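# A look at the structure
So you can see what is in the structure, the chains are spelled out below.
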Amino acid sequence: MFKKILIANRGEIALRVIRTCKEMGIKTVAVYSKADEESLHVKFADEAVCIGPAPSSESYLKMSNVIAAAEITNADAIHPGYGFLSENAKFSKICEEHDIKFIGASAEMISKMGDKATAKETMKAAGVPCVPGSDGIIADFEECKKLALETGYPVMLKATAGGGGKGMRAVWKEEDLLKAWEGARQESAAAFGNDGMYMEKLIEEPRHIEIQIIGDSTGKACHLSERDCSVQRRHQKLTEETPSPFMTDDLRERMGAAAVKAAEFIKYEGAGTVEFLVDKHRNFYFMEMNTRIQVEHPITEQVVDYDLIREQILVAAGVPVSGKNYYPQLHSIECRINAEDPYNNFRPSPGRITNLHAPGGHGVRIDTHVYSGYMIPPNYDSMIAKLITTAQTREEAINKMKRALDEFVIEGIKTTIPFHRQLMDHPDYISGNYTTKFMEDFEMEKA
Ligand code: MV4
């Protein structure tokens, strides 16, 4: 078992990993930028190393500095959290070359799943349902035009190096295809240095339902059921829940089995998430595979009573997984509390928290690194806390979320608390009748 783990991240996820390491008797090393000198993860870790100035590119993303911190503290493993270097194949490789265990996927796996067209071809070969469309990358516009006719409009053009909607274009009729093709390729080349495109039949008003999987070093995998992440704004998840209100026992069995098949086919090791698009007829299609722990992992932990970070560390240390699948015994909802103003187009609202009162009580979990007096730096993403409620039924979990949101006081900055409070009163949310289009039509009621 590892003696010392360096956490190459910040904020709530750094705290989350430190907590589990402490429970496992593993020493921890925090890395931090100058802007994070007063952060809790620095205070909670056994050791802390400043790896550079505020900008991520000169600190949390600077691989040489992260590796140097691991070397001087003699850490035997690195947990990357999510974002930053968590899906950076080069970093995974550098860890391997320095004999430091990367608690995540191998460089080959990250590259394979990170290239969306390759990931899809792999899943097709594994027999996982995929959206009809191109076989891999489209060679040129002539082939694009031909494929769109074969697939049938509307179609979705997607960047193979993309994800999160960048370089993606929905095309409803042939006369719009050329402009979409050129626009998507330019956007993808600019964002990723890669203009490779693939095509899919457009799935109208899909739900985003993802399956948590864990694979071990023997090639065995299991699943821990689904998370519904359909409430998103500009491809940023706002709230997630498990079980999905759209799920049936039969669909869960089939999606879980497809995710396990995918993981075992690629001999996936560690925690991963297989994302699916689900249409209104409950057909599901592979969308992407994430080779990291996800922000929303706590709702799964809550309903199956399972520490996913602990499992990641055990698998990385070579311990086999149980192999059994896990099904939700409760209902859990996560609301992402961001330092953003929902009354002003969710624009960022960094600054000092002058007063904070966090909710508590039965079935309320808060994963956060902020505290009264904390100065939220403008350099990093805006999420400052995750409020998670868990109860026997969805109605009770929603009711508990309303009570917890009403109790949650954060003064000195604007937050998305008012948005979540209105969401919990929205008839389409309460009925569970929402898709990825929900936020397009959502309007905040004036304060
Ligand atoms: C789609 C789609 C409809 N049809 N693919 C958005 C980002 C990336 N994860 C893939 N996405 C989509 N792919 C086909 N063939 C609709 C989306 C989509 C979406 C998917 C999940 C969650 C939110 C979304 C918001 C807009 C579009």
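Residues numbered from 1 in each chain as written. Predicted model: local features only at pLDDT ≥ 70, side-chain atom pairs only at ≥ 80, totals over all residues. Heavy atoms only, no water.

## Points about the overall build of the protein
Scanning the protein from terminus to terminus reveals 15 helices and 22 strands. In terms of overall size, the protein behaves like a compact globule, its C-alpha atoms giving a radius of gyration of 22 Å where 447 residues would be expected to give roughly 22 Å. Referenced to the eigenvectors of the C-alpha coordinate spread, the extents of the protein come out at roughly 60 × 55 × 40 Å. Counting all 447 residues of the protein, 59% fall into the buried class. In the protein, of all internal contacts separated by at least 6 residues, the share reaching a separation of at least 24 is 66%. Only carbon and sulfur atoms are counted for the fraction: they give 49% of the accessible area of the protein, which is about 18,200 Å². Each charge class in the protein can be summarised by its mean position, and for the 54 positive and 66 negative side chains these summaries are 2 Å apart. (Helix = DSSP H or I, 4+ residues; strand = E, 2+ residues; numbered from the N terminus. Rg over C-alpha atoms; globule rule 2.2 N^0.38 Å. Buried < 20%, exposed > 50% of the residue type's maximum accessible area, 1.4 Å probe, protein only. Contact = heavy atoms within 4.5 Å. Areas by Shrake-Rupley, 256 points an atom, 1.4 Å probe, with all protein chains shown as cover. Lys, Arg positive; Asp, Glu negative; His and termini not counted. Charge placed at Lys NZ, Arg CZ, Asp CG, Glu CD.)

## Considering the site of the ligand
Surrounding the ligand, one finds 18 residues, the nearest of these being K158, E200, K201, I203 and E288. In the model, a nitrogen atom of the ligand is placed 2.9 Å from a nitrogen or oxygen of the K201 main chain. In this structure, a nitrogen atom belonging to the ligand sits 2.9 Å away from a main-chain N or O atom of I203. Here the ligand has 520 Å² of accessible area as a free molecule, and 89% of this is covered by the chains. Per-class residue counts for the shell around the ligand are eight nonpolar, six polar and four charged. (Near = heavy atom within 4 Å. Polar contact = N/O pair within 3.5 Å; in protein donor to acceptor, adjacent residues only side chain to side chain. Nonpolar A, V, L, I, M, F, W, Y, C, P; charged D, E, K, R; others polar.)

## A few points about the nonpolar core
Note that soluble globular proteins tend to have their nonpolar side chains buried in a common cluster. Counting 56 residues, the largest nonpolar core has L6, I78 and F276 as its most contacted members. A domain split of this core shows at least three residues from each of domain 1 (4-103) and domain 3 (207-440). Of all hydrophobic cores here, the second largest spans 35 residues; its members include V370, L405, F419 and F442. (Core = buried A, V, L, I, M, F, W, Y, C linked by side-chain atoms within 4.5 Å. Domains from an automatic or database assignment.)

## Considering helix α6 (residues 116-126)
Every buried residue of α6 is accounted for by K116, A117, A119, K120, T122, M123 and A126. Once α6 finishes, G127 follows within two positions and takes phi at roughly 85 degrees, a positive value.

## Overview of the sheet that holds strand β7 (residues 169-171)
Taken together, three strands build an open sheet; the order of strands is β7-β6-β8 and the sheet is antiparallel. Both edges of this open sheet fall to β7 and β8 (197-201), since each of them pairs with a single strand only. The mean angle between the axes of side-by-side strands here comes to 25 degrees, regardless of whether they run parallel or antiparallel. Note: strand β6 (residues 155-159) against β8, five bridges, orientation antiparallel. The partner of V155 across the bridge, within β8, is K201. (Pairing = 2+ DSSP bridges. Axes fitted to C-alpha atoms, helices over the stretch in contact; angles between N-to-C directions.)

## A closer look at the domain arrangement of the protein
As far as domains go, the protein holds domain 1 (4-103), domain 2 (132-201) and domain 3 (207-440). Taking only C-alpha atoms into account, the centre of domain 2 sits 29 Å from that of domain 3. Taken together, the contacts link six residues of domain 2 with four residues of domain 3. Together, the buried faces of domain 2 and domain 3 total about 360 Å²; carbon and sulfur atoms form 53% of this surface. On inspection of domain 2 and its partner domain 3, the count reaches zero salt bridges. (Buried area = accessible area lost by both parts, 1.4 Å probe. Salt bridge = Lys/Arg side-chain N within 4 Å of Asp/Glu carboxyl O.)

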